[in-house]
Amino acid sequence: MQQKPPSVARIVAASATSALVLAAGAATTLAQDAATSPVGGERLGRPDVQVAPLAGAPALPAELTGRSWLVADAGTGEVLAARNVHQPMPPASTLKMLFADTVLPKFDRTLEHQVTPAELSNLGVGSSLVGVKENLPYRVEDLWRGVFLSSGNDAVHVLANMNGGIQQTVSEMQARAQSLQARDTKVVSPDGYDMDGQVSSAYDLTLFARAGLRNADFRSYCSTRTARFPGGLDKNTGQRTAFDISNTDRLLGKYPGLIGVKNGYTTNAGATFTGAAERGGRTLLVTVMHPEAQGRVYDEAASLLDWGFAAAGKVRPVGQLVEDLTPNASGGAGGTAAGGDASLPPWSRPPVFHGGSGWAPALWSGAALATALAVWVAARTAVRRRASGAAAAGHTLVGGPTGAGAVAIGSSGVSGRGRWRPARRIRALLRPRRRHG
């Protein structure tokens, strides 16, 4: 008995399933590798200095004592040089950049809020304060100036309570860190005050700064050098007083082209600093954590910025600042969460794997090619079957020795329609059925 050949639908389904299983297996392997490999590239996971100079590249500054540092191009995300950038360490007030990334977009800057005593409770001993007073109204923009200029933990606590409370804000900050792929960061307090288990890294802090600078208000606050901050009530006149506050960033206004963004210091964390500077149409980001002496954090950041501007185009990148996974994040690749084309339906977009692997496009192309090949083989098989059936019924086949592309001549005359039926059948099988109701 002659074995019945498989149907077109079965061939297509089997071939497509095999291709998808292969692609899914490879995707799982890549996802596992991405979860364990350093974010931004393998070299960024090394503890020693990473730099790849080309001909004519300047030497790195000789006096770099920071336990961790990084200099990167803010536009391209290319890391120009780095040391120990994924080492988790206490971040001090530089964590306020993540706080601003998370909370700043939620409130209109002109909104007024009446501060309650509860909102100023439980501040850490020795916290930096801007001088927020209870039972008085403050505009949101004044509170943010207190955060950025004076690193005021009191202003942070008021804004966090406006956002639903300290714990809710901490949870949202942790979620925001995940969307930025800042995997080294563990948030315990929104203000960066030393807390057990609270850590970040030079890489993550740079991600926070890069994301924040895409927000016009964030950029405005972190670049403000001085401002008037609301005070208490004058006992004699009953009028609201005000006083001057200055940005504690010592490079702001001194280093040419410096934009901001945030400095920090605690006894446990030492000095930390993330800065951004623009020169000749290029913006560089620098982060330095825990140098040997507190004041050196600014000197080392400035020397790394000088080196970065001089080395642009003369070094190969040693890693990459990854993109924000939040849908429609500004500046992200393609403007979508996965960096793909938002105009394509989800099922037709190539999968994107984060973590530095370059195999994802090849796997997607292979899977698509395998599926297309399966459809083509199925169509050829169907044509041959029809040709064989026609010959058995007394028809004569012309146009091809094997029946491929042949035309059947029979009692009904010459017809080329039969050769297109398998293709129409395949399209019908692949076309989704409409559901009513």
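Structure first, text after, so check above.
What you see is a predicted model, and the numbers here were worked out from it, not measured in a lab.

S.K.: Even after reading the chapter, I still don't get empty space enclosed by the protein, so can you show me in this structure?
M.R.: Over the atoms a probe the size of a water molecule is rolled, and this reveals where empty space is left. Across all of its chains, the model carries 1 cavity of 30 Å³ or more by this definition. Here the largest cavity defines a volume of roughly 50 Å³. Taken together, the residues of the lining of the largest cavity break down into 4 nonpolar, no polar and 4 charged.

S.K.: So what exactly am I meant to see when it comes to unusual backbone geometry here?
M.R.: Negative phi values dominate among residues other than glycine, just as trans dominates among peptide bonds. Note the cis peptide between Gly260 and Val261, where omega equals 15 degrees. As for its placement among the helices and strands, Val261 is situated in strand E9 (residues 258-266). A positive phi angle, close to 55 degrees, is found at Ser151, a residue other than glycine. Here Ser151 shows up in the loop between helix H3 (140-148) and helix H4 (153-162). Residue Gln181 is not a glycine yet carries a positive backbone phi of 65 degrees. With relative accessibility at 3%, the residue Gln181 sits in the buried group.

S.K.: Mind showing me how you'd approach H4 here?
M.R.: Given 3.6 residues to a turn, an α-helix orients residues that are three or four positions apart in the same direction. Extensive coverage of H4 is indicated by the burial of 9 of its 10 residues. Considered for burial, the residues of H4 that qualify are Asn153, Asp154, Ala155, Val156, His157, Val158, Leu159, Ala160 and Met162.

S.K.: Would you mind going over the packing of aromatic side chains with me for this structure?
M.R.: Each pair of aromatic rings is reported with the distance of its centres and the angle of its planes. Enumeration over the complete set of coordinates arrives at 7 aromatic pairs. With 5.1 Å between their ring centres and 80 degrees between their planes, Phe148 and Phe218 make a pair best called edge-to-face. With a gap of 70 residues between them, Phe148 in helix H3 and Phe218 in helix H7 (residues 216-222) connect regions that are remote in the sequence. Residue Phe148 shares its accessibility class with Phe218, and that shared class is buried. Where Phe148 meets Tyr221, the ring centres are 6.0 Å apart and the plane angle is 25 degrees; that geometry is what we call stacked. With Phe148 in helix H3 and Tyr221 in helix H7, this pair connects stretches of sequence that are 73 residues apart. Overall, Tyr221 belongs to the buried group, its relative accessible area being 2%. Every member of this aromatic cluster is reached through a ring pair, and the members are Phe99, Trp144, Phe148, Phe218 and Tyr221.

S.K.: Just checking my understanding: could you explain the nonpolar core for this structure?
M.R.: Nonpolar side chains tend to gather and get buried jointly when the protein is soluble and globular. By size, the foremost hydrophobic cluster in this structure holds 64 residues, and its most contacted members are Val132, Trp144, Phe148, Tyr203, Phe208 and Phe218. The element contributing the most residues to this core is helix H6 (residues 202-212), with 7 residues. Contact partners of Phe148, with chain neighbours within four places excluded, come to Ala100, Leu104, Phe218, Tyr221, Cys222, Asn247, Val261 and Lys262. Grouped together as the second largest cluster of nonpolar side chains are 25 residues, Leu80, Val288, Leu304 and Phe309 included.

S.K.: Can you help me understand the pattern of salt bridges in this one?
M.R.: Once the charged atoms of two side chains with opposite charge are near each other, the side chains can pair. Under the definition given, this model contains 15 salt bridges. Taking the shortest distance from any N to any O, the salt bridge between Asp73 and Arg282 comes out at 2.8 Å. Note that Asp73 is positioned in strand E3 (residues 68-73) and Arg282 in strand E11 (residues 282-289), a separation of 209 residues in sequence. According to the relative accessible area criterion, Asp73 is buried, its value standing at 7%.

S.K.: Is there a simple way to explain the side chain of Thr102 in this structure?
M.R.: Position of Thr102 among the secondary structure elements: in helix H2 (residues 96-103). On the basis of relative accessible area, Thr102 is assigned to the buried category, the value being 10%. Each residue touching Thr102, except ones within four places of it in the same chain, is listed here: Glu172, Met173 and Arg176.

S.K.: Sorry, what's going on with helix H5 (residues 166-179) here?
M.R.: For H5, built from 14 residues, the straight-helix expectation of 20 Å at 1.5 Å per residue is met to within 8% by its first-to-last C-alpha distance of 20 Å. When we look at burial in H5, the residues that qualify are Thr169, Val170, Met173, Gln174, Arg176, Ala177 and Ser179. Against H2, H4 and H6 lie the buried residues of H5. Just past H5, the residue Gln181 takes up positive phi, approximately 65 degrees.

Parameters at a glance
- Residues numbered from 1 in each chain as written.
- Predicted model: local features only at pLDDT ≥ 70, side-chain atom pairs only at ≥ 80, totals over all residues.
- Heavy atoms only, no water.
- 1 Å grid on protein atoms, 1.4 Å probe; cavity = no way out; pocket = protein on both sides within 12 Å on 5 of 7 lines; lining within 4 Å.
- Points joined across faces, edges and corners; volume = space filled by probe spheres on them.
- Nonpolar A, V, L, I, M, F, W, Y, C, P; charged D, E, K, R; others polar.
- Helix = DSSP H or I, 4+ residues; strand = E, 2+ residues; numbered from the N terminus.
- Buried < 20%, exposed > 50% of the residue type's maximum accessible area, 1.4 Å probe, protein only.
- Phe/Tyr/Trp six-rings, centres within 6.5 Å; stacked < 30°, edge-to-face > 60°.
- Core = buried A, V, L, I, M, F, W, Y, C linked by side-chain atoms within 4.5 Å.
- Contact = heavy atoms within 4.5 Å.
- Salt bridge = Lys/Arg side-chain N within 4 Å of Asp/Glu carboxyl O.
- Expected span 1.5 Å × (residues − 1).

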